[in-house]
Amino acid sequence: MTNLMEDLIKRGVLKIVIIKKKTIFIILILVFIIGIIAIGDIPQKIQKLIYIKEYTEQVEKYSNEYQVDTDLIYAVIKAESNFNPNAKSSKNAIGLMQLMEETAKDLMKRVNLKIADEELKNKLYDVDININLGTKYLSILLERYENIEIAVTAYNAGIGTVDNWIEKGIIKSDGSNIENIPYKETNNYVRKILRDYKIYKNLE
């Protein structure tokens, strides 16, 4: 038996089997974690590792200033960038709350923030500026639609698109049928935000 194992090791067969077993074990752990996340039955200690709350100073500051729930801000940041301030999407959305430059320019006027056009792109990676503008945008959407469901739908898909869906009766303005959101990406995004928002609210 010993000679057989030595021969298998030399041939690299045993090593491959061990690696495959390790890979399968890792996959099983990941499936288990995804499974318990999906059903929302995660012990709070594990939840706190997954649902982190970073940049609390800026989040709390602009939460108070614009009257947006801190837990909603955290849920949006988690969905948009997973708390990576250097995140940049394929559509050139930038920073923690994934802001487009044109959207940021409009928001800057509303918060009386002056940044030169040539500096704006780099400035959007700044944590304070990004959370300031992103939270202001959330407050505008919440005031416009008067519910979280449609506000976060518009945060992802855009105001024009959402208004069009409501006008055509595809979704209701009260957010009661978000399952009808036609964009798969936006549909999944809104569900994720609402789930994560609920989890953040329940964390001590």
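One can find the structure itself at the top, above this paragraph.
Enquirer: Run through the packing of helix H5 (residues 70–81) against helix H8 (residues 127–145), naming residues and quoting values.
Expert: In the contact formed by H5 and H8, the axes pass within 11 Å of each other and the chain directions differ by 115 degrees. When the axes of H5 and H8 are compared, the pair comes out roughly perpendicular. The handedness of the crossing between H5 and H8 comes out as right-handed. Residues Leu72, Ile73, Val76 and Ile77 of H5 form the contact with H8, whose own contacting residues are Ile131, Thr135, Leu138 and Leu142. Taken together, the residues of the contact of H5 with H8 sort by class into seven nonpolar, one polar and no charged.

Enquirer: How would you explain the side chain of Asp71 if you had to name every residue and give the values?
Expert: Here Asp71 shows up in helix H5. In terms of polar contacts, Asp71 uses its side chain to reach the side chain of Lys53, at 3.3 Å. Other than its neighbours up to four places away in sequence, Asp71 contacts Lys53, Tyr197, Tyr200 and Lys201.

Rules used throughout
- Residues numbered from 1 in each chain as written.
- Predicted model: local features only at pLDDT ≥ 70, side-chain atom pairs only at ≥ 80, totals over all residues.
- Heavy atoms only, no water.
- Axes fitted to C-alpha atoms, helices over the stretch in contact; angles between N-to-C directions.
- Helix = DSSP H or I, 4+ residues; strand = E, 2+ residues; numbered from the N terminus.
- Parallel < 35°, antiparallel > 145°, perpendicular 65-115°, else oblique.
- Left-handed = near helix turned anticlockwise from the far one by under 90°.
- Contact = heavy atoms within 4.5 Å.
- Nonpolar A, V, L, I, M, F, W, Y, C, P; charged D, E, K, R; others polar.
- Polar contact = N/O pair within 3.5 Å; in protein donor to acceptor, adjacent residues only side chain to side chain.

Geometric descriptors of this kind do not, in isolation, establish any biological role.
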